[in-house]
Each structure stands twice: as structure tokens, then as C-alpha cells.
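Structure assessment
Residues per chain, in single letters:
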Amino acid sequence: MTEAPRLPISGGCRNEPILKQRGQREVFCGLTGIIWLHRKMQDAFFLVIGSRTCAHLLQSAAGVMIFAEPRFGTAILEESDLAGMADAQTELDKVVDQLLARRTDIKQLFLVGSCPSEVIKLDLSRAAERMTEKYAPSVRVLNFSGSGIETTFTQGEDACLASMVPVLPDTAERQLVLVGALPDVVEEQAVSLLSDMGIGPIKVLPAPRADTDLGVGENTVFALTQPFLGDTHAALERRGARHLPAPFPFGEEGTTAWLRAIADEFGVDADTFERVTAAPRARARKAIAQAAQALRGKSIFFFPDSQLEIPLARFLTRECGMEATEIGAPFIHKGIMGPDLDMLAQGPTFSEGQDVDLQLDRCRAARPDLTVCGLGLANPLEAEGLATKWAIELVFTPVHFYEQAGDLAGLFSRPLRRADLLDLEGTA
Ligand code: SF4
């Protein structure tokens, strides 16, 4: 029999006090999400209405090849737009007309807000409505914000998916929707495990193309694959869909608990669950045990960045033997994070939001073996002798479900091994 996850004797952390911080933050903006979203949605185009800085961020992060036709771009707001001397809505209409005339492969156009477009209060929802009327039914135009004014980088995906939910068709079909943009190979593994248990029909949001049969309604249940999808969760519930709360599918234990929540909903019997999961679970346990050797007994400190911090802390403390000192997250949504918090043993400090100088002081005082943080903090901390892991790498690397569990542990053990090697060289 597949055993249920052991809950910590101390009773979990759902009701632990949270240190709320509202100060200077060091995070990437939500435009970053376009880099993985444009690969996932094959007929979508992301038009950022922003500055040259926004264009540079996207180009350098996405590493665009000059001979490829990219599926994102930036309509640069010039000084005359920012000063209100030109009608930015008219300018935007012209850019979109030219884009859609040239690129007939585009079926979904996202107008993406940025810091500059928000500062001049450019109303992109009005623009999207106007353009939808003009280009329907061949192109669907939506808008969301990727601005860095009040966001962290994973909120771009959340805002994008949430913008799609209100325009999904109604359906009365009993169905499971997996929510979150995963690499194709990982998504296929999840769908295959669930299908082998007899669960279906299974749909995914975001769908690869606009013309798929993805709908939503009162008989829809959904499982989140990423913990940063709070607005999408709320939008789906507004359409009558029901969330299946579960720990996130990181590591063997998290994946099993996530699958079990769905299997219970669909009445899968214990023998079937065991038959489908036994072999991949064993592979995952073996791979984690190998990769986690360097992690056992080591301390870890999370700066708030990717919003994966709480499920990852659960995985690293329970399955890899690490000890969490502080778990910082940009937002702590208990309806989404609750099952992971229940499995975490008490002890770490939980912080929500950031006041970066105060948090750096806490980190320096704790001297953790490993610090998970954004790129801007990693180099200074390395210079102070602290081993770091870039949080953004966790979103760009396939880390979900059984077959990636060893790689996930390996992402954390590599910087520790590297730090050990540097120490050895230093003492040689
Ligand atoms: S949206 Fe804001 S934070 Fe992001 S690149 Fe543009 S100006 Fe910078």
C-alpha cells in the first residue's frame, strides 16, 4: 500500500506567526513570465507596452535568435507618449494593425502592461476590448500587467492565465483542468500518470492553442501545478470550478500527495493508485537519496522571489534532510499553500514580503549553508562567503513530478559542492 504522508509531530506550520515585511524589494518583474509562456502557447503573441528597459530585459532573458520570428515584442513608449503629447491608444492601434497584418499565425494577442504604461495610466483593458471587436473571431486580444511596481516575476504567468479565464467557453462537462505552464515533457508525465489511473478528461491551462476545446464550469475541478497562481485560482472559482487543495508536486512525497488528492476526487481505488505510482516513486526516492547526500544536515534560507519557497522548503526539509532557517515568500496564500504548510515541521521563521536590508541582516546572522535568492542578491552574498542558489533557475528548469525529483535535489546540492571545492582550493 502507498502510505499517506507523515505529518510533523509538532503539528505543522499553517498557523505559525508570519513576519510581514513592506520595504524595499529585490525581485524581477512579471515580464519574465513571457519567456516561458510564449514557448507554451504556440499561436500567442505578447506585445509589451513599455520602455527600452523592458525590451532589453526580454531580449537578454529570452536569448532571441535573429533569424527566428519571435512571438513577443515591445511597443516602445516614447517621450511624447509619456508626456501625454501623443495619443498612446492611437499609436498602439497602429502597431497592432501592422503586427496582425504581417503575422497571420497570431490567434491570441496579449497586451502586456509595464511600469511605464501603468505610470501614465494607459488603459490596456479598453484597448483589448476595442481590438477584440475589430479582430474577432480570428484573433482574441487580452491584456495583463507584467509591471514590476507591485509584483514578483512569477506573477506575470498568474496575471496572464487569470486574463484568459473569463473568456473560456462554458462547459457542463465533468473534467479535470491542470493549471500552470509546465515544460511539455513534464506535463506529459502528469497527464500520463493520471490517465493510467483512469482519470479524464484532462485539460490544461494554458492550452497550447486558442482553438482547443478548453472550457470551464461547475463540474470542472482543477489542480494547480504552480503555487503562484492565486489570481487564476480566484478567477476559476468565480466561474464555478472547484480547487483540489494539495501539496505541490515537488519530490516523491509531494507528487504522491498531489496525485492522491486528484485520485480521491475521481474515486480511484488504492490498488490502481499503487500500480500506477509504485515504480516511478521508487525511482524518485532512489534519485533523491543520491542527490541529497550533500544536503543532509545543511541549513537553508529563502529570500522571497519565485513563490515556490514554501513547497520547496517542505521538500528539502522532509526528503533531503535540510534545516530551514527562514522561509520568505512574496505572498502566502493559505488556501493554496496550506497543505504544504501542514507538512512542514515548526522551527523556521516565515516572512511575507520583503524589507531587503533587514532580511540581509537576518541572513548574515544565521550564516546558512545555502541561500536561495534573486540574481541581484546572489553575487554580493557569494562575495561574503555564502553559497547561493538563484531562485529563477527553479522556474526555468523541469523540477515537477517523480522523474525530475532527483534533478530538483541536485539543483540545491550543486552550489554546496561548488562551495566545498572552492574551500578546498582556498586551503590547498
Ligand atoms: S516592467 Fe518595469 S521593472 Fe520590468 S523591465 Fe519594464 S520598467 Fe523594468
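Residues numbered from 1 in each chain as written. Predicted model: local features only at pLDDT ≥ 70, side-chain atom pairs only at ≥ 80, totals over all residues.

1. Some details on the overall build of the chain
The helix and strand tally for the chain stands at 17 helices and 14 strands. If one aligns the C-alpha atoms of the chain with their principal axes, the spans along those axes are about 60 × 55 × 45 Å. The 428 residues of the chain split such that 48% are buried. (Helix = DSSP H or I, 4+ residues; strand = E, 2+ residues; numbered from the N terminus. Buried ≥ 20, exposed ≤ 12 C-beta atoms within 10 Å, placed from the backbone.)

2. What about the pairing of strand β4 (residues 108–113)?
Among the 6 residues of β4, 6 are classified as buried, and the element is accordingly described as predominantly covered. Burial along β4 is two-sided: the face carrying Gln108, Phe110 and Val112 and the face carrying Leu109, Leu111 and Gly113 are both buried. Examined bridge by bridge, strand β2 (residues 44–50) and β4 share 6 bridges and lie parallel to one another. Each residue of the ladder has a partner; that of Ile49, found in β4, is Gly113. Two strands pair when backbone bridges link them, and β4 and strand β5 (residues 140–145) are joined in this way by 6 bridges, in the parallel orientation. Each residue of the ladder has a partner; that of Leu109, found in β5, is Val141. (Pairing = 2+ DSSP bridges.)

3. A short note on the site of the ligand
In the vicinity of the ligand, the residues found are Cys29, Leu31, Gly50, Ser51, Thr53, Cys54, Leu57, Ser114, Cys115, Gly146, Ser147 and Gly148. With 3 residues, the single largest contributor to the shell around the ligand is helix α2 (residues 52–62). Broken down by class, the residue content of the shell around the ligand amounts to 5 nonpolar, 7 polar and no charged. (Near = placed C-beta within 6 Å. Nonpolar A, V, L, I, M, F, W, Y, C, P; charged D, E, K, R; others polar.)

4. Some points on helix α7 (residues 155–164)
For α7, a buried count of 10 out of 10 residues is recorded, marking the element as mostly surrounded by other parts of the structure. For α7, every residue scored as buried is listed here: Gln155, Gly156, Glu157, Asp158, Ala159, Cys160, Leu161, Ala162, Ser163 and Met164. Tucked inside the fold, the buried residues of α7 contact α1 (34–40), β4, β5, β6 (175–179), β7 (202–205) and α9 (230–238). (Contact = placed C-beta atoms within 7 Å.)

5. Focus: the packing of helix α12 (residues 309–318) against helix α13 (residues 334–343)
The relative placement of two packed helices is expressed as an angle between their axes plus a distance between the axes. Orientation of α12 relative to α13, taken along the N-to-C sense of each, is 20°, at an axis distance of 9 Å. Here α12 lies roughly parallel to α13, going by the angle between them. Where α12 crosses over α13, the handedness of that crossing is left-handed. Contacts from Ile310, Pro311, Arg314 and Arg318 of α12 reach α13 at Met337, Asp340, Leu341 and Met343. Of the residues assigned to the contact of α12 with α13, the class counts are 5 nonpolar, no polar and 3 charged. (Axes fitted to C-alpha atoms, helices over the stretch in contact; angles between N-to-C directions. Parallel < 35°, antiparallel > 145°, perpendicular 65-115°, else oblique. Left-handed = near helix turned anticlockwise from the far one by under 90°.)

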